[in-house]
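Listed below are the residues making up each chain.
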Amino acid sequence: MRPFVCTVPLLLAFAGLTAPLASGGTPLAWKKPIEAAESRPTEEELVAVLLDAEVYARASADYADLRILDLNGNEVPYRLLTRTENREETIEKTWNAENLSLQLTEDGLDIRFALGTDDPQPTGIKIETPLQNFEQRVRVFGLLDAEETLLADEAIFDYSQYMDVRRTDLPLKQNSFRSFRLLVDRPTSEQESHLLELTRHLQGTGETERQERFTITRRPFRIDRVGLGKKETRIEVASIVEQNWELAIQSTSVDEELRQTRIEFTTQREPLSKLRLVTSSRNFSRRVHLEVPVKTGLRDDWNRIASGTVSRLRYRDIEEQQLELSFPETRSRTFRLIVENRDSPPLAIDGLEALGHVHQLLFLAQPDETYELQYGRETDSTTRPEYDTVAIDRLLAEGVNPLTFRLGAEIPDSRIPPERSSVRKLLNDPYFLTGLVVLMAALLGWGLYGAVKRMNALDETKPK
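The sections below set out a description of the structure shown in this document. Everything quoted here is computed from the prediction, not taken from an experiment. (Residues numbered from 1 in each chain as written. Predicted model: local features only at pLDDT ≥ 70, side-chain atom pairs only at ≥ 80, totals over all residues. Heavy atoms only, no water.)

### Focus: the packing of aromatic side chains
Following the criterion strictly, the structure yields eight aromatic pairs and no others. Between Phe157 and Tyr159 the ring centres are 4.9 Å apart and the planes differ by 10°, which places this aromatic pair in the stacked class. We classify Phe157 as buried; its relative accessible area is 0%. A relative accessible area of 8% places Tyr159 in the buried class. Feature note: the residues Tyr56, Tyr63 and Trp245 constitute an aromatic cluster, connected by ring pairs. When the ring centre of Trp95 is taken as reference, the NZ or CZ atom of Lys93 above it lies at 5.9 Å. (Phe/Tyr/Trp six-rings, centres within 6.5 Å; stacked < 30°, edge-to-face > 60°. Buried < 20%, exposed > 50% of the residue type's maximum accessible area, 1.4 Å probe, protein only. Lys NZ or Arg CZ within 6 Å of the ring centre and 35° of its normal.)

Shown next, in the form of structure tokens:
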């Protein structure tokens, strides 16, 4: 049974040999000095230091490995917060116009109304209509002793037959009128759609035939109500700061069978929250999906984290676009954007832009003290520090503005022992475990074979 007994020492030796190979001489952690923007404070100050791309690239998913240490190696309590700033916020009050008069003229629908005594001065008008697939030209005048043009010529439209684009709002320039005239051109419209229905018959790469036709719809333009709006700007509203983060597009491919365009790109694991499509294409509306890789057992798969619609309409003086996809804050090395083409030609993908949050560590800095940020240790979520941050929270509630410090150059730091050994890391690797099971089965089979062979040899030497 000696070969079987040797199985355990062999396995331990194998684990001992693979542990250094797995680490590859990489540092156990990293550090960055925390530097004052100007001079060090001469008294205790609330300090904020922004995380950068290098920290995001190495820090754990839940930031549990972040530590601020002073010169003596003592941990300094901190608060990790998403950076915000006070920005102006615009809100809009809406109400319906009352006591409207309507007259049908040669020029179109002539609608007149006056503001109520308590109504504020409107900054916009909204035409409420149940119709779809229309385009109407609208003019707005202020009425007093004489008419004054407030909106010379603006289009309201709905192109839902072609794409998900609709606009029925009309902005007004600043004015003090209390009575208004709204002129909607051609109440019974022969809508020669400006979006041509274009049919092309292609043979190879050359166009052999081209047909164009206008879709003409004759119907009265119905208005349910005329809405009014007043925009007001409020200040001192805390808003999350977003900044551009770099990304690298790895591949762009078109799946003809699924009728999709797929763009894979990589980041440094910054906290992304928004993706912007850069394209020269126009007059489109496409569903898009954002995915990140996920491991299911031994299989690599993709997890969908967001879906939305990107669109662009450019025609004459009409220009509207929505090219951004928002999603919950996500840190991943790899992303995949899927654009649903259906039967339309693929969009021209000129690039992608990533936006995301910025995190900051806030702590109380002592005068003439030196601090450093350590990060990148292998750690479990349960080891996230729980500091007493009552003083920091109170200062923030009182509106104290922290001093902004910056992070210096990254330095490898091997003084910090890892919280998980390389052997444990290997034992959490499914590929290593599979190989280990195969090796153990082989050694066990070899031991059993040797034992049976020796037993047979003993039987042959016994006197008969």
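### Remarks on the pattern of salt bridges
When the charged atoms of two side chains with opposite charge come close together, those side chains can pair. In this structure the tally under the stated criterion is 30 salt bridges. Measuring nitrogen to oxygen at the nearest pair gives 3.4 Å for the salt bridge that ties Asp110 to Arg112. Its salt-bridge partner being Asp224, residue Arg222 comes within 2.9 Å of it at the nearest N-O pair. Within this structure, Glu242, Lys274, Arg276, Glu324 and Glu353 form a network of salt bridges that share partners. (Salt bridge = Lys/Arg side-chain N within 4 Å of Asp/Glu carboxyl O.)

### Quick word on the sheet that holds strand β23 (residues 284-296)
Taken together, the six strands give an open sheet; going across it, the order is β20-β21-β27-β23-β24-β25, and neighbouring strands pair in antiparallel fashion. Edge positions in the sheet fall to β20 (248-255) and β25 (318-322), since each of these pairs with one other strand and no more. Taking each pair of neighbouring strands and ignoring which way they run, the sheet shows an average axis angle of 20°. Pairing of strand β24 (residues 299-315) with β25, which is carried by five bridges, proceeds in the antiparallel orientation. Residue pairing in the sheet places Arg314 in a bridge with Glu319 of β25. (Pairing = 2+ DSSP bridges. Helix = DSSP H or I, 4+ residues; strand = E, 2+ residues; numbered from the N terminus. Axes fitted to C-alpha atoms, helices over the stretch in contact; angles between N-to-C directions.)

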